[in-house]
Amino acid sequence: MVVTSETRVRVMVVDDDPLIFELFLALAARHPAVELLGAASPEEAMAMSRAEPPDAILLDHNFPTAEYPRSDDSVLSRMSRGLTGLEAVEYLRAAAPNAVITIYTGATGL
């Protein structure tokens, strides 16, 4: 995608910490071509992406609803918890096939 003065780039920030979204909002305010969207969970991001796909997705890896998967996780236990950022990538890719997806984390000890 070539960005011109008329081009709007839709960037979705997916993070449960509202301060992180505020940080990205402050950065985007300096760039009028950037339209920033926020989602508090991977599940919310998937719904928003289906409705109107973003051009880029900045995706936190850790969410309080998602426990880290264990090797002995059953299908039922995985279905009853939220997604991690990494697990959400394939679903977000299906909802927004042309989006650039970046995963980040502020967590220590992973």
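See the structure shown above.
In what follows, the accompanying structure is described. (Residues numbered from 1 in each chain as written. Predicted model: local features only at pLDDT ≥ 70, side-chain atom pairs only at ≥ 80, totals over all residues. Heavy atoms only, no water.)

Digging into the pattern of salt bridges
The tally for this structure, following the rule as stated, stands at two salt bridges. Between Glu-35 and Arg-10 there is a salt bridge, with its nearest N and O atoms 3.0 Å apart. Taken as a pair, Glu-35 in strand 2 (residues 34-39) and Arg-10 in strand 1 (residues 9-14) lie far apart in primary sequence, 25 residues in all. Here Glu-35 falls in the partly exposed class, since its relative accessible area comes to 26%. Taking the shortest distance from any N to any O, the salt bridge between Arg-10 and Glu-52 comes out at 3.5 Å. With Arg-10 in strand 1 and Glu-52 in the loop between helix 2 (42-51) and strand 3 (56-60), this residue pair connects regions lying 42 residues apart in the sequence. For Arg-10, a relative accessible area of 12% gives the class buried. (Salt bridge = Lys/Arg side-chain N within 4 Å of Asp/Glu carboxyl O. Helix = DSSP H or I, 4+ residues; strand = E, 2+ residues; numbered from the N terminus. Buried < 20%, exposed > 50% of the residue type's maximum accessible area, 1.4 Å probe, protein only.)

Considering the nonpolar core
If you look at the biggest cluster of nonpolar residues, it comprises 15 residues, and the most contacted ones within it are Met-12, Val-14, Ala-45, Ile-57, Leu-59 and Leu-92. The set of elements that each furnish at least two residues to this core consists of strand 1, strand 2, helix 2, strand 3 and helix 4 (85-95). With near-sequence residues (within four places) excluded, Val-14 lies in contact with Ala-39, Ser-41, Pro-42, Ala-45, Ile-57, Leu-58, Leu-59, Asp-60, Phe-63 and Tyr-104. Val-11, Val-13, Ala-56 and Leu-58 belong to the second largest nonpolar core, which has seven residues in total. (Core = buried A, V, L, I, M, F, W, Y, C linked by side-chain atoms within 4.5 Å. Contact = heavy atoms within 4.5 Å.)

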